[in-house]
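Geometric and topological summary
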Amino acid sequence: MFRLYDTDGNGILDSTELDCIVNQMMNVAEYLGWDVTELRPILMDMMVEIDYDADGTVSLEEWKRGGMTTIPLLVLLGLDTNVIKDDGNHVWRLKHFNKPAYCNLCLNMLVGFGKQGLTCTFCKYTVHERCVQRAPASCIGTYVKSKKTSQSMNHHWIEGNCPGKCDKCKKSIKSYNGVTGLHCCWCQITLHNKCASHVKPECTFGDIRDHILPPTTICPAVLERQPTVVNKRQLNRTDSAMLEGSGLQFQITPNPGTHPLLVFINPKSGGKQGTRILRKFQYLLNPRQVFNLAKTGGPMTGFQFYKDVPVFRVLCAGGDGTIGWVLETMDKMNFQQSGQEAQVAILPLGTGNDLSRCLRWGGGYEGENLIKFLQKIERATPVQLDRWNIEFSTNEREDEEKGDPIPSNIFNNYFSIGVDASIAHRFHMMREKHPEKFSSRMKNKLWYFEFGTSETFSATCKNLHDKIDIMCDGVSLDLASGPSLECIAILNIPSIYGGSNLWGDNPGGRKRSKSSKSQKKREKERDFSSNSMSSSDFNFTIQEIGDKQIEVVGLENAFHAAQVRTGLRASGRRLAQCSSVTIRTRQRFPMQIDGEPWMQPPCTIHVTHKNQVTMLMAPPNNNKLKLFNLFKK
């Protein structure tokens, strides 16, 4: 690292090179969204501190003695990140405290602007920057060295900086008076110092014990076993590298009756939400069961870590693309052969979050208390989700322009051709060129609105129904009858475009309208929904996510999709419900799979059922029921 900044190679860092280091730290701090108004003089003082002989330069010996052991310097250089080190070592990060906070070492208050001190991500031990070198290695343990270790665990208390009420006497803890109060890192209980003696020393891991992997259940594997479950032919280079790395170092023996949670977090989803949620889960759970997909290279590392757990739950914190990534890795693990059972829950961090909406996890994470969210996972109901294979065969011609790479041969949510894919493709191309313009979920939706409006006027996919042929279960669809179409969507779930239900609700349970105009309109829509499979009445066909059936819907234009979203129209044009689809296109069209768009030359598309995966459906929201009971009282 020293040689990286020693640009002239003379073995010392002069003032110019030290200024470059400070500028890099400032850039990192600005990228992380820190308040940098008072940061530069602090960093300059840090550079002066590691110049022990005060000659205006820093030698390699001085760098090793001071620079590489100054924790704030390592944080800003990106060397001290949320990586699980040896047990007992803290994982520091600079933090701004909104409330009075005290140093656990010198017991004095942390003062200043911006980031006043450092706190451990895993245990919340807090210190001044000047005290960090003397901080004891008292962080939590994440595993035991032998199976003979006692299975009971004591509380891991951190003193001070725990405002709130005592869980024993229910009185307030006056944390602003100094370092007072105790908080357990595992069971999350908070006590007065005097009340701690009235609590048993053994820790029960609190309300989320069903999700936690206690350190006593994890121990190093004595002999590294060769993977027998995974089909090696299905692994890519990244997955193979993960298997050769840290995947086979530990053996897990979960407590009977528990369902340990395996957490995958995509920090690139949801702006900066992913990084904050990563730190919160590393604090609430065992840090070894929380995986950062941006650093592990994929979910394979986590699934290999859980190779000895027979029944567990998986939490995907990200968008629909992250969920598809995890489900595809589960296919490679071949759980049916190994006898393992995994159920998947979702913490929505993406833009559309269509699968999350269908399973009642919501359209986006809004800052909900994560302990309550984990308790909601315990009450969730297992449901089966269909997954579909999609194959493309093209007749390549020399005069034809080649298409883009196909993002996947499996889809979980939907596949579409036409105007919606054109909008998504334009959005994708713009985001690739100018990523800084897509920094939040709201900005993304505004860009979609702009592209959708322009596509309504340009109509690049006009009369799409004349340029494609569709066969459902071997029966051709008559697309000529009814209005012209600009989009064909194949739906597996009742949500697309961030919450639109193109298939529509089943009208059988609705009250009949007294207006004759609305009755005529429904009859007209019913006529448009018919095709050569006239024996089916699609107006009363229910859409399910686990019935091994798929729905085919047509849209007249981009405005039609907006009308369905706002409720001005009940649904798209229902074309079929079937178990297999074959589509032949006669010209180049934009297409998308689960929100991933590309341009595809003329081809033949085959859609068939692949398998089913167990997902978790969130319990229904009881806010309306609680409000009713409140008025009833």
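As shown above, the structure is provided for reference.
Below you will find a few notes about this structure. (Residues numbered from 1 in each chain as written. Predicted model: local features only at pLDDT ≥ 70, side-chain atom pairs only at ≥ 80, totals over all residues. Heavy atoms only, no water.)

Considering the overall build of the chain
Check the secondary structure of the chain and you find 18 helices and 28 strands. Expressed as a percentage of its 633 residues, the buried residues of the chain come to 48%. Partitioning the contacts of the chain with sequence separation of at least 6, the portion at a separation of at least 24 is 72%. Of the roughly 31,900 Å² that the chain leaves accessible, carbon and sulfur atoms contribute 51%. (Helix = DSSP H or I, 4+ residues; strand = E, 2+ residues; numbered from the N terminus. Buried < 20%, exposed > 50% of the residue type's maximum accessible area, 1.4 Å probe, protein only. Contact = heavy atoms within 4.5 Å. Areas by Shrake-Rupley, 256 points an atom, 1.4 Å probe, with all protein chains shown as cover.)

Describing the sheet that holds strand β23 (residues 550–555)
Ordered in space as β24-β23-β22-β19-β26-β27, the six strands form an open sheet in which the pairing is antiparallel. Every other strand in the sheet has two partners, leaving β24 (573–578) and β27 (596–600) as the edge strands with one partner each. Averaged over all adjacent pairs, the angle separating strand axes in this sheet is 20 degrees, with direction ignored. Bridge analysis of strand β19 (residues 414–418) against strand β26 (residues 589–593) gives three bridges, and the strand direction is antiparallel. Bridged to serine 416 within β26 is glutamine 592. Packed onto the sheet, helix α14 (residues 419–433) meets β19, β22 (487–491), β26 and β27 and runs at close to 95 degrees relative to β19. (Pairing = 2+ DSSP bridges. Axes fitted to C-alpha atoms, helices over the stretch in contact; angles between N-to-C directions.)

With respect to the packing of helix α7 (residues 273–284) against helix α13 (residues 370–378)
With their axes 11 Å apart at the nearest point, α7 and α13 run at an angle of 70 degrees to one another. In this view, α7 runs roughly perpendicular relative to α13, as classed from their interaxial angle. Only Leu370, Ile371 and Leu374 of α13 make contact with α7, whose side of the interface consists of Lys280, Phe281 and Leu284. Across the contact of α7 with α13, the residue classes break down as five nonpolar, no polar and one charged. (Parallel < 35°, antiparallel > 145°, perpendicular 65-115°, else oblique. Nonpolar A, V, L, I, M, F, W, Y, C, P; charged D, E, K, R; others polar.)

Examining the pattern of salt bridges
Applying the stated criterion to the full structure yields six salt bridges. Between aspartate 469 and arginine 586 there is a salt bridge, with its nearest N and O atoms 2.7 Å apart. Placement of aspartate 469 in strand β20 (residues 468–472) and of arginine 586 in the loop between β25 (580–585) and β26 is noted, with a sequence separation of 117 residues between them. The partly exposed category is assigned to aspartate 469, whose relative accessible area is 38%. (Salt bridge = Lys/Arg side-chain N within 4 Å of Asp/Glu carboxyl O.)

Side note on α7
For α7, spanning 12 residues, the distance from its first C-alpha to its last is 16 Å, which sits close to the expected 16 Å at 1.5 Å a residue. All of the buried residues along α7 are Gln273, Gly274, Ile277, Leu278, Phe281, Gln282, Tyr283 and Leu284. (Expected span 1.5 Å × (residues − 1).)

Points about the nonpolar core
Within soluble globular proteins, side chains that are nonpolar generally end up buried alongside one another. Judged by nonpolar contacts, the single largest core of 87 residues is most densely connected at Phe281, Phe303, Val314, Trp361 and Met615. If you look at the next biggest cluster of nonpolar residues, it comprises 30 residues, including Ile390, Phe392, Ile468 and Leu479. (Core = buried A, V, L, I, M, F, W, Y, C linked by side-chain atoms within 4.5 Å.)

What to know about the pairing of strand β13 (residues 261–265)
Here β13 lies mainly inside the structure; five of its five residues are buried. Alignment of β13 against strand β15 (residues 311–318), held across five bridges, turns out to be parallel. What sits directly across from leucine 261, in β15, is arginine 313. When β13 meets strand β14 (residues 290–292), the two strands line up parallel, connected through three bridges.

Quick notes on helix α10 (residues 320–333)
Here α10 is 14 residues long and its end C-alpha atoms lie 20 Å apart, about the 20 Å a rise of 1.5 Å per residue gives. Counted residue by residue, α10 has 10 buried out of 14 residues, so it is predominantly covered. Residues Asp320, Thr322, Ile323, Gly324, Val326, Leu327, Thr329, Met330, Lys332 and Met333 constitute the buried set of α10. Backbone geometry just downstream of α10 places asparagine 334 in the positive-phi region, at approximately 55 degrees.

Notes on the state of the cysteines
Per the counting criterion, the structure on display carries zero disulfides. In this model cysteine 162 remains outside any disulfide bridge; the closest cysteine sulfur is found in cysteine 166, 9.5 Å from its own. With no disulfide partner, cysteine 166 has as its closest neighbouring cysteine sulfur the one in cysteine 169, 3.7 Å distant. You can call cysteine 166 buried: its relative accessible area is 1%. (Disulfide = S-S within 2.5 Å.)

Describing the environment of glutamine 543
Relative to the helices and strands, glutamine 543 resides in the loop between α16 (516–529) and β23. Sequence separation of glutamine 543 and glycine 504 is 39 residues, and the distance between their C-alpha atoms is 8.7 Å. Excluding residues within four positions of it along the chain, glutamine 543 makes contact with Leu491, Asn492, Ile493, Pro494, Asn501, Trp503, Glu551 and Gln577. At 3.3 Å, the side chain of glutamine 543 and the backbone oxygen of isoleucine 493 are in polar contact. Within the structure, glutamine 543 has its side chain in polar contact with the side chain of glutamate 551 (distance 3.1 Å). (Polar contact = N/O pair within 3.5 Å; in protein donor to acceptor, adjacent residues only side chain to side chain.)

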